Amino acid sequence: MSKEGKNEFSSSEVDAGTYEETNNSAWGRLKSKAALEVNQSSIAPNSKWSNKDLDPVAPEYQTWRTYNFVTYWISDAFAVSNWRIGSSLIAIGLSWKLALVAVVLGNFITALVVTFNGLIGARLHIPFTVQARSAYGFFFAYVIIVFRVIISVFWYGIGTYTGAECIQSMIYAIWPRFKNIPNQLPESANITTEFMICYFIYWVVCLPFHYIPPHQVRWFFTFKSIVTPIAGFAIIGWIVHKTGGGNAVFSQGNELSGGKLGWAFMHGVYAMVGNFATLGVNMNDFTRYSKKPNSPYIQLIVIPIVFIVMMLFGIIGANGSKILFGELLWDPLLIVNEWTSKGGRAAAFFCATAFLIASIGVNISANSISVATDLSALLPKYINIRRGQYICAILGAWCMTPWNILASAESLLNFMDGYTIWLAPISGILIADYWFVHKQVLSVEDMYKPEGIYRYNKWGTNWRAAVAFVVGFAPLLPGFASGVNSKVDVSESAKNFYYLGYFWGFLVGGGLHILLSKSFPAQETMIHKPRPIIADEV
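The model shown is predicted, which means the values in this text are computed figures rather than measured ones.

What counts and what doesn't
- Residues numbered from 1 in each chain as written.
- Predicted model: local features only at pLDDT ≥ 70, side-chain atom pairs only at ≥ 80, totals over all residues.
- Heavy atoms only, no water.
- Helix = DSSP H or I, 4+ residues; strand = E, 2+ residues; numbered from the N terminus.
- Buried < 20%, exposed > 50% of the residue type's maximum accessible area, 1.4 Å probe, protein only.
- Contact = heavy atoms within 4.5 Å.
- Areas by Shrake-Rupley, 256 points an atom, 1.4 Å probe, with all protein chains shown as cover.
- Expected span 1.5 Å × (residues − 1).
- Arc of directions from axis to C-beta.
- Phe/Tyr/Trp six-rings, centres within 6.5 Å; stacked < 30°, edge-to-face > 60°.
- Lys NZ or Arg CZ within 6 Å of the ring centre and 35° of its normal.
- Core = buried A, V, L, I, M, F, W, Y, C linked by side-chain atoms within 4.5 Å.
- Polar contact = N/O pair within 3.5 Å; in protein donor to acceptor, adjacent residues only side chain to side chain.
- Salt bridge = Lys/Arg side-chain N within 4 Å of Asp/Glu carboxyl O.

### Re the overall build of the protein
Here comes step 1: A count of helical and extended segments in the protein gives 23 helices and 0 strands.
Here comes step 2: When each of the 538 residues of the protein is scored for burial, the buried share is 56%.
Here comes step 3: Long-range pairs, those at least 24 residues apart, make up 85% of the contacts in the protein with a sequence separation of at least 6.
Here comes step 4: Accessible area of the protein: about 22600 Å², with a carbon and sulfur share of 64%.

### Topic: the environment of Ala271
Here comes step 1: Here Ala271 is to be found in helix 11 (residues 258–275).
Here comes step 2: In this structure, the C-alpha to C-alpha distance between Ala271 and Ala102, residues 169 residues apart in sequence, is 9.0 Å.

### Here's the deal with unusual backbone geometry
Here comes step 1: A positive phi angle, near 60 degrees, is found at His125, a position not held by glycine.
Here comes step 2: Along the chain, His125 turns up in the loop between helix 5 (96–124) and helix 6 (128–136).
Here comes step 3: Assessed through its relative accessible area of 14%, His125 is described here as buried.

### Quick word on helix 23 (residues 501–519)
Here comes step 1: Relative to the 27 Å expected for 19 residues at 1.5 Å per residue, helix 23 spans 26 Å between its end C-alpha atoms, a close match to the ideal helical length.
Here comes step 2: Every buried residue of helix 23 is listed here: Gly501, Tyr502, Gly505, Phe506, Gly509, Gly510, His513, Leu516 and Ser517. Viewed end-on, helix 23 has its buried residues packed into an arc of 135 degrees, placing them on one side of the element. Residues Leu507 and Leu515 are exposed on helix 23 and point more than 90 degrees away from its buried face.

### A closer look at the packing of aromatic side chains
Here comes step 1: Across all of its chains, the model carries 46 aromatic pairs by this definition.
Here comes step 2: For the pair Tyr172 and Phe178, a centre-to-centre distance of 6.2 Å together with 55 degrees between the ring planes defines the contact as tilted. Each member of the pair Tyr172 and Phe178 is classed as buried.
Here comes step 3: What links up through ring pairs into an aromatic cluster is the set Trp64, Phe69, Tyr72, Trp73, Phe209, Phe220, Phe221, Phe276, Phe286 and Phe307.
Here comes step 4: Between Lys179 and the ring centre of Tyr172, over which it is positioned, the NZ or CZ distance is 4.9 Å.
Here comes step 5: Directly above the aromatic system of Tyr211 lies the positively charged group of Arg386, at a separation of 3.6 Å from the ring centroid.

### Section: the nonpolar core
Here comes step 1: By size, the foremost hydrophobic cluster in this structure holds 148 residues, and its most contacted members are Trp73, Tyr136, Ile235 and Phe355.
Here comes step 2: For this core, the element with the highest residue contribution is helix 7 (residues 140–174), accounting for 19 residues.
Here comes step 3: Discounting residues that sit within four places of it in the chain, Phe355 has contacts with Ala79, Val80, Trp83, Cys166, Thr228, Ala231, Gly232, Ile235, Met310, Pro332 and Leu333.

### Section: the side chain of Ser169
Here comes step 1: Take Ser169: it is sitting in helix 7.
Here comes step 2: For Ser169, a relative accessible area of 2% translates into the label buried.
Here comes step 3: A distance of 2.9 Å separates the side chain of Ser169 from the side chain of Asn337, its partner in a polar contact.
Here comes step 4: In contact with Ser169, other than residues within four places in its own chain, are Leu333, Val336, Asn337 and Ala352.

### Some thoughts on the pattern of salt bridges
Here comes step 1: In the structure shown here, the tally under the stated rule is 4 salt bridges.
Here comes step 2: The salt bridge involving Asp285 is made with Arg148; its shortest N-O contact spans 3.3 Å. On the criterion of sequence distance, the pair formed by Asp285 in helix 13 (residues 284–287) and Arg148 in helix 7 is long-range, its members being 137 residues apart.
Here comes step 3: Salt-bridge contacts for Asp374 lead to Arg148; the nearest nitrogen and oxygen are separated by 2.4 Å. Taken together, the positions of Asp374 in helix 16 (residues 342–378) and Arg148 in helix 7 put the pair 226 residues apart, joining distant regions of the chain.
Here comes step 4: Residue Arg148 is classed as buried on the basis of its relative accessible area, which comes to 0%.
Here comes step 5: A single salt-bridge network, built from bridges that share partners, covers Arg148, Asp285 and Asp374.

### Some remarks on the side chain of Gln62
Here comes step 1: With respect to the helices and strands, the residue Gln62 is situated in the loop between helix 2 (11–34) and helix 3 (66–77).
Here comes step 2: Among the polar contacts made by the side chain of Gln62, one reaches the main-chain carbonyl oxygen of Val57 at a distance of 2.9 Å.
Here comes step 3: Filtering out sequence-adjacent residues up to four positions away, Gln62 remains in contact with Val57, His125, Arg288, Tyr289, Ser290 and Lys291.

Below, the structure is given as structure tokens:
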């Protein structure tokens, strides 16, 4: 064929080539605009593996002091969701005394997990997504990250539902006739037209707060820790006054007995731990901004105290509503909705506004920033923490139906039980790996290198952690299936074992990881051990 012949193409081939070139060019322009060119990582080999938001926090951004962790947990504790959990313990048949014991035990366990995992972030200034690579392997860590993304996105939806309740109560206080808006949705939807309006309003109100960077959001938590407790104490003061004093409120006893009472108690403890099991995994996303490495220790004190107070509010509210209204109102906003006088409506508006601020703070602290950090690790060239928060807002609010999960107290506890079976072994393995396997000595630089010491093998997987993770949750799956869907028939022992799931997942997952790591050590990662001297080096 002649040179000229080689350059001859049919008309269709030219058109196809032109279309492909144009299409690729358009896609290239879109990718170019989306790429975070100005936020390249300073430690990773290229933007494929990290970006500036995932790097160890620079000293100028290490702005969280000890008191910021105190206000952080006060702001997280004084929220509608935590009030609900205290009330839910009454709803499942526990007396206020036994419910309080469940609260104390559950939140003390939470404090231990959150603190000793959070200390890693305060020392190394890295997020969970990077820390996970040292324990699970560079590439298997992405599997763990996906688990956490799914869980936190769902929980963001729960938080959005709670925020919508606050908007609803605020509108009721201003415009009571809002209750009369005709419902255009079927009963099976578990949501009304009126509430869907509130849901959308809250979602829009929440969006600007996702613009705040994590090292600055501490000021919002401080503001929230002042405003929200005032509303909580106001509601409790009203209940105690109307019921004639504390004796009437605390007169409710156990509604169960024997073995059923014991397992209901364990169900309650499990729910307490599950309430903030997400932060047991990802507290590093905030402690990495700590100015002092030991500041997270304050959480051992503040978490049990503030959650005991808030859960006690829920218990008092549940018992008080039984006395005052003849039914258990396990949500503080349902209580303030009963305040129909002019002065009562003004108070209801203030309380609902305070809890609105609380719900926004919880959605940021426990969910959106964590999801954003995870998404940033999955697509570091295109997603930073700010963009990731907005993606979380869309997925969490509209790609699930939180109104179905929160239809009753029982379904709330079932949901909280469910996701802990994955979070428990994740937390246990992370803590075991840092404190016991690697003896608190890790190479931060190697966590950002796909070919570094934490690759472990050609698949980038620490098989020891992978095995421990599976063993930590697999035996709990039958109970999980039954808890999510009551039509699934499993033995009573499987259901009861499921109520011990967090303890099994955390202790067995973490313990097995230590055992396998000691029996089959990954020597290249054991940098805490003295390196043997080789004759040639002498």
